[in-house]
Amino acid sequence: MSSSINTDPPTRQRLSFGSEQIRDHLLDIRFTGSGSEYFRIWIVNLLLMLVTLSLYYPWAKVRRLRYFYGNTLVDGQPLDFHGKPLMMLRGYLLVALLLVLYSTAGNFSPVAGLAAFVIVALIWPALLKSSMQFRLANTSWRGLRFRFMGTVAGAYKAMLPLFVPGGLMLAALVGVPDELEPPMWYSAFVGVVTLASLLVLPWLWFKLKHYQHQNYALGPLQTELRTGVWAFYKVFLKTAGVFLGVVAVIVGLMFVLGGLGLASVGMPGRSGAGLGAAILASVLIGLVGLLAIQIVPRPYFTSRMQNLLWSRTGNQSMRFRSKLRFRPLLMLTLKNWVLMLLTLGLYWPFAIVAVTRMRLEAVTVVTRVDPADLLEHARTNEGEAAGDAAGDLFGLDIGL
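What comes next concerns the included structure. (Residues numbered from 1 in each chain as written. Predicted model: local features only at pLDDT ≥ 70, side-chain atom pairs only at ≥ 80, totals over all residues. Heavy atoms only, no water.)

## Re the pairing of strand β11 (residues 363–367)
So, point 1. Counted residue by residue, β11 has 5 buried out of 5 residues, so it is predominantly covered.
So, point 2. Because side chains alternate across β11, one face comprises the buried residues Val363, Val365 and Thr367, and the other comprises Thr364 and Val366, equally buried.
So, point 3. Strand direction decides the pairing type here: strand β10 (residues 318–322) and β11, joined by 5 bridges, are antiparallel. Directly across from Ser322, in β11, lies its bridge partner Val363. (Buried < 20%, exposed > 50% of the residue type's maximum accessible area, 1.4 Å probe, protein only. Helix = DSSP H or I, 4+ residues; strand = E, 2+ residues; numbered from the N terminus. Pairing = 2+ DSSP bridges.)

In structure tokens, the structure reads:
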């Protein structure tokens, strides 16, 4: 088996999914956290955030990330998170300031709201790039820091289209006089922009994920995302099909029960009871249906999108496989929702741990070189890049 790796940092190693001439090493991912352990971290974080009016959030986030990273084992070795709460506090305060600026400006006039929106849109891509770089620079495996190689220009190309629909709506609103209700033409314009946004949403999502998955790096190895935008459209369209299927089933059941109730009206001695029972059942099915519409499509989208993204991310020497299945994730989601409702939300930490375990353990790292050789080559290239990754812009983490 050849274990040679190109150690020239500027050269991006290309994906090669088709060739299996070199024996693969499979590195399993395991998650060892437990709901009871995370519950103690979660409840303390929640209480301290309430007491400090959310200023404790960066410290809470560091505790959470260190717990989840430390319990994520890749080939038996845990990840580690090295971020400092004070550095993360700067990013948190900056994002809070931007959100306050935007929400406050909109209350004065449409022009002020549009100006605030433009400011947020111009700053946000740079914050995204800095956040990704900060997060990976402070994540390590076997003592090696990861890196994010994306550029600011790439972040703007990936993210600015996301702001176009909102910008168009706000720009059109500038010409609308202050009235109780916007005119009909504006409502029609918003409808057209919303429909157009839905049509290009898979493309927008593809651009964002392409930017992220093209730029993960460990030592000399940098990933690529080898899939096209049509694969994203297929996932979105199939998810929409699942959504419409759930709606059709719920509406069908309500019509059937309504028909049975109307049919029972003509039966002697059962008209009132049968109709009342049918109406009650229809209402209950409607409520369950609303919950099902929220629950069912999301696990489908999550499983299909995770498998698409991570099974097509890698390089010539290392890649990923993801086999997250829809039905187990759906059953777990249903269980989590039921238990969270019964416990008034206190089951939330247990639910997060369970979903994290299922999603992580569905992924396998496939490497064509021995991990020890890979780490040796990676260490020879780590020093020159580690300092740059942590200091870009403000070294911010904005939670993305």
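Next comes the rest of the description.
## Looking at the packing of helix α1 (residues 35–51) against helix α2 (residues 57–70)
So, point 1. One can describe the packing of α1 onto α2 by two numbers: an axis separation of 9 Å at closest approach and a directional angle of 170°. One element, α1, and the other, α2, form an angle in the roughly antiparallel class. Contacts between α1 and α2 involve Glu37, Tyr38, Ile41, Val44, Asn45 and Met49 from the first element and Tyr57, Ala60, Arg63, Arg64, Tyr67 and Phe68 from the second.
So, point 2. Considered class by class, the residues forming the contact of α1 with α2 number 8 nonpolar, 1 polar and 3 charged. (Axes fitted to C-alpha atoms, helices over the stretch in contact; angles between N-to-C directions. Parallel < 35°, antiparallel > 145°, perpendicular 65-115°, else oblique. Contact = heavy atoms within 4.5 Å. Nonpolar A, V, L, I, M, F, W, Y, C, P; charged D, E, K, R; others polar.)

## Things to note about the pattern of salt bridges
So, point 1. By the definition in use, this model includes 2 salt bridges.
So, point 2. Arg30 is paired through a salt bridge with Asp28; the nearest N and O atoms lie 3.9 Å apart.
So, point 3. Taking the relative accessible area as the measure of exposure, Asp28 reaches 37% and is therefore partly exposed.
So, point 4. A salt bridge links Arg142 to Asp75, with the nearest nitrogen and oxygen atoms 3.2 Å apart. With a gap of 67 residues between them, Arg142 in the loop between β4 (139–141) and β5 (144–148) and Asp75 in the loop between β2 (72–74) and β3 (77–81) connect regions that are remote in the sequence.
So, point 5. The partly exposed category is assigned to Asp75, whose relative accessible area is 31%. (Salt bridge = Lys/Arg side-chain N within 4 Å of Asp/Glu carboxyl O.)

## A few points about the side chain of His213
So, point 1. Structurally, His213 is set in helix α6 (residues 184–213).
So, point 2. Under the relative-accessibility criterion, His213 is labelled buried at 3%.
So, point 3. Here Thr313 takes part through its side chain, which lies 2.9 Å from a polar atom of the side chain of His213.
So, point 4. With residues near it in sequence (within four places) discarded, His213 still touches Thr223, Glu224, Leu225, Leu309, Trp310 and Thr313. (Polar contact = N/O pair within 3.5 Å; in protein donor to acceptor, adjacent residues only side chain to side chain.)

## Some details on helix α4 (residues 110–137)
So, point 1. Look at α4: 40 Å from first C-alpha to last across 28 residues, which is about the 40 Å you get at 1.5 Å a residue.
So, point 2. Maximal helix bending in α4 amounts to about 30°, located at Trp124; proline Pro125 follows within four positions. (Expected span 1.5 Å × (residues − 1). Bend = angle between axes of the 7 residues up to and from the residue.)

## Some details on the side chain of Thr223
So, point 1. On the secondary structure map, Thr223 appears in the loop between β7 (221–222) and β8 (224–225).
So, point 2. In this structure the side chain of Thr223 is engaged in a polar contact, spanning 2.7 Å, whose partner is the backbone oxygen of His213.

## Quick word on the pairing of β3
So, point 1. Sheet analysis places β2 next to β3, joined by 2 bridges and oriented antiparallel. Note on β3: the bridge partner recorded for Val74 is Gln77.
So, point 2. Two successive antiparallel strands, β2 and β3, enclose a turn made up of 2 residues, where Asp75 displays a positive phi of approximately 55°.
So, point 3. One ladder, built from 3 bridges, connects β3 with β4; its direction is antiparallel.

## Observations concerning unusual backbone geometry
So, point 1. Although it is not a glycine, Ser54 adopts a positive phi angle of roughly 75°.
So, point 2. The phi torsion at Leu344 lies on the positive side, around 55°, for a residue other than glycine.

## Quick word on the environment of Leu162
So, point 1. With respect to the element layout, Leu162 can be found in helix α5 (residues 152–174).
So, point 2. For Leu162 and Trp205, which are 43 residues apart along the polypeptide, the C-alpha to C-alpha distance reads 8.7 Å.

## Here we look at helix α3 (residues 85–108)
So, point 1. Here α3 spans 35 Å end to end across 24 residues, near enough to the 34 Å set by a 1.5 Å rise per residue.
So, point 2. Residues of α3 that are buried: Pro85, Met88, Leu89, Gly91, Val95, Leu98 and Ala105.
So, point 3. In the core, the buried residues of α3 are packed alongside α2, β3 and α4.

## Regarding a nonpolar patch on the surface
So, point 1. Residues Leu101, Val118, Ile119, Leu122, Ile123 and Leu160 make up a contiguous nonpolar surface patch of roughly 440 Å² in combined accessible area.
So, point 2. Top element by residues in the nonpolar patch is α4. It accounts for 4 residues.
So, point 3. Within the secondary structure layout, Leu122 lies in helix α4. (Patch = residues over 30% accessible without salt bridge, like charges linked within 9 Å, V, L, I, M, F, W, Y side chains within 5 Å. Areas by Shrake-Rupley, 256 points an atom, 1.4 Å probe, with all protein chains shown as cover.)

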